Amino acid sequence: MAMRRMMTETASAEKEEEEEEEEEEEVRSEVPDSLSGKYTGSFAYLTIKDRLPQILTKAIDTVHRHTDTFFAQHGQEGVEAEKRAIGLMSKLRNELQTDKPALPLTDGLPDVPQWNKYLKQQQARLGSEENASWFKAPWLYMECYMYRRIHEALQLNPPICDFDVFNEAKTQGFLESQQAINAISTHLQEINEKVKGFNETQLKAELLRLLQVALWGNRCDLSISAGVANSQKFNPLTALESLKPFILIDDFEFVWSHLINNKKKKTSETAHTRIDIVLDNSGFELVADLVLADFLITSQLTDEVHFHGKSIPWFVSDTTKKDFDWTLKQMKTSSHPQMSRCAVAWEKNVTKGVWIYQDHPFWTLPHEFCDMSLVANDLYAELQKSNLIFFKGDLNYRKLTGDRKWSYTAPFETVLRGFQPAPLCSLRTLKADVQVGLKPGLGEQLAGSDPDWMTSGHYAIIQFSNPFGK
Ligand code: F6P
Ligand code: MG
């Protein structure tokens, strides 16, 4: 009897899952195809063919160069672990270069069931196991999968499982940007002395300035440069005017009205406002984001800033908790007094709970953001508490839009496919061939004059969407 009940329950659970998949399939068929390595010659194809193997080779080399460190820390056991980790990463590179199907993850971390379920769904969608391969499956999925497999290669090999293969490159990026970091720290200190007396026009002008610095900071990512140094060498504040024509969508006016109206609407001392920043790269970009967050607090445009980082090393330069803490520590001990003053104030923000750093496994899953409410309902509910969410960078934009072949003029709201936890704004330089919400004809015009316009990082967008209407 019990056995029969169990079988019936299993059958109905399977049926439910099938129905769910069918429903998902129906919705998917209404949307354009994913960018993929199957489109020979596309940026996705070139990334998988050239850039990803280059990143893997660099990661292998980095682990290899740390043999002495591993030996000093863990003796021979560390060296053996290093060899096994290198073996796994080399195998991964070979799977990629010979277009093998993605394999299930095996390292037992809490996100494994979600990854492996996603793998099965992709296989079902693509018709067979073989089709869920590096060049045939969606690019977004395979690129995320590579970083998760690098993490697995280390996870399976204690005692070196906490080694961040990208740490060196991130450190170098930060150190090479010292001049620019010092310039924006100095600017922030000057602003902070005057901000209390600012009228609305001055507040608006300053917000625009710092938002643009955070925007262009997104050019400094180490994934597009395949791990090769890519830092901010000059004072970004002096370049903002000349960069303005390269902002293809500028919704700053909407962002400003939204923030200033919220500020004015605040009636009692207890009404709390909150801004979230879904972080991207560490190094100069992170510091620019922190400068923006500082200003949002001192100008009282918000009471709290929540930062969302990655829980594992990701897309070479993405910010983890370790990077966040390290950056504050480096700046605090810097010989530049302005940098150090900023970091002291920022540490206080963290201690007082005015700045909150959070991470969630969803940010390192391969899903489009429209799946968040199903896959990570807790995170979606958390974001719903926000008054405004900034999504930094290219990968976040790819996930907002599903990394699909949308037309250039498709409305941002349509493309988000129901992902609207709160008003949101993408601050992104273009480094992948997806862009929506452009004025008719602009995409075609740019394609005619600059074939690399979507992937060079020379263009940018400030793109806003408000579920309650702009
Ligand atoms: O490697 C591809 C890619 O996703 C590009 O689209 C992008 O240049 C980079 O990696 C990540 O960019 P970002 O750091 O801005 O998210
Ligand atoms: Mg990044």
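Each chain carries its own residue numbering, running from 1 in the written order of its sequence. Whichever chain is written first becomes A and whichever ligand is written first becomes 1, with later ones labelled in order. Reporting of local features is limited, given that this is a predicted model, to residues whose pLDDT is at least 70; pairs of side-chain atoms are given and counted only at 80 or more, and all residues count toward the totals for whole chains, interfaces and linings. With hydrogens and water stripped out, all remaining heavy atoms of the structure feed into the side-chain values.

As for the nonpolar core
Moving on, step 1. Counting residues in each nonpolar core, the largest one holds 85 residues, and the members touching the most others are Met 146, Met 372 and Phe 419.
Moving on, step 2. Secondary structure counts use DSSP, requiring at least four H or I residues in a row for a helix and at least two E residues in a row for a strand, with both numbered from the N terminus. Considering each element in turn, this core owes the most residues, 11 residues, to helix 6 (residues 139-155).
Moving on, step 3. When residues of this core are sorted by domain, at least three fall in each of domain 1 (43-155) and domain 2 (167-465).
Moving on, step 4. Sequence-distant contacts of Met 372, defined by excluding residues within four places in its chain, comprise Phe 362, Trp 363, Asn 377, Leu 379, Tyr 380, Leu 383 and Phe 419.
Moving on, step 5. In this structure, Leu 211, Ile 247, Leu 292 and Leu 388 belong to the second largest nonpolar core, which totals 62 residues. To form a nonpolar core, buried Ala, Val, Leu, Ile, Met, Phe, Trp, Tyr and Cys residues must be joined to one another through side-chain atoms within 4.5 Å. Relative accessibility under 20% of the residue-type maximum defines a buried residue, over 50% an exposed one, and the middle range a partly exposed one, all with a 1.4 Å probe and only protein chains included. Residue ranges for the domains trace back to a domain assignment, done automatically or taken from a database. Every residue pair with non-hydrogen atoms within 4.5 Å of one another is taken to be in contact.

A word on the sheet that holds strand 5 (residues 388-392)
Moving on, step 1. Strands are labelled as partners when DSSP assigns at least two bridges between them. Reading across from one edge, 1-7-6-5-2-3-4 is the order of the seven strands in this open sheet, with mixed pairing throughout. Either end of the sheet is taken by a strand with one partner, and the two such strands are strand 1 (247-250) and strand 4 (355-359). Averaged over all neighbouring strand pairs, the angle between strand axes comes to 15 degrees, with direction disregarded. Where helices are involved, their axes are fitted lines through C-alpha atoms of the stretch in contact, as for all axes, and angles between N-to-C directions lie from 0 to 180°.

Examining the domain arrangement of the protein chain
Moving on, step 1. Taken domain by domain, the protein chain consists of domain 1 (43-155) and domain 2 (167-465).
Moving on, step 2. Its C-alpha centre places domain 1 at a distance of 28 Å from the equivalent point of domain 2.
Moving on, step 3. Taken residue by residue, the interface counts 20 residues in domain 1 and 24 residues in domain 2.
Moving on, step 4. The term buried area denotes the loss of accessible surface (1.4 Å probe radius) that occurs when two parts are joined, taken as the sum for both partners. With both chains or domains summed, domain 1 and domain 2 bury close to 2,100 Å², and 67% of this area falls on carbon and sulfur atoms.
Moving on, step 5. The term salt bridge refers to a side-chain nitrogen of Lys or Arg lying within 4 Å of a carboxyl oxygen of Asp or Glu. Linking domain 1 to domain 2 there are two salt bridges.
Moving on, step 6. Here Arg 65 ties to Glu 168 by a salt bridge, and the two come within 3.0 Å at their closest N and O atoms.
Moving on, step 7. By the criterion applied in these results, polar contacts are pairs of N or O atoms within 3.5 Å in which, for protein atoms, one can donate a hydrogen and the other can accept it, and in which residues neighboring in sequence qualify only through two side-chain atoms. Counting across the interface, domain 1 meets domain 2 through four residue pairs in polar contact (both at pLDDT 80 or more).
Moving on, step 8. Considering every element that reaches the side of domain 1 that touches domain 2, the biggest residue donor is helix 6, with eight residues.
Moving on, step 9. Charged means Asp, Glu, Lys or Arg here, nonpolar means Ala, Val, Leu, Ile, Met, Phe, Trp, Tyr, Cys or Pro, and polar covers whatever is left, Gly included. Looking at the side of domain 1 that touches domain 2 residue by residue, the class counts come to nine nonpolar, five polar and six charged.

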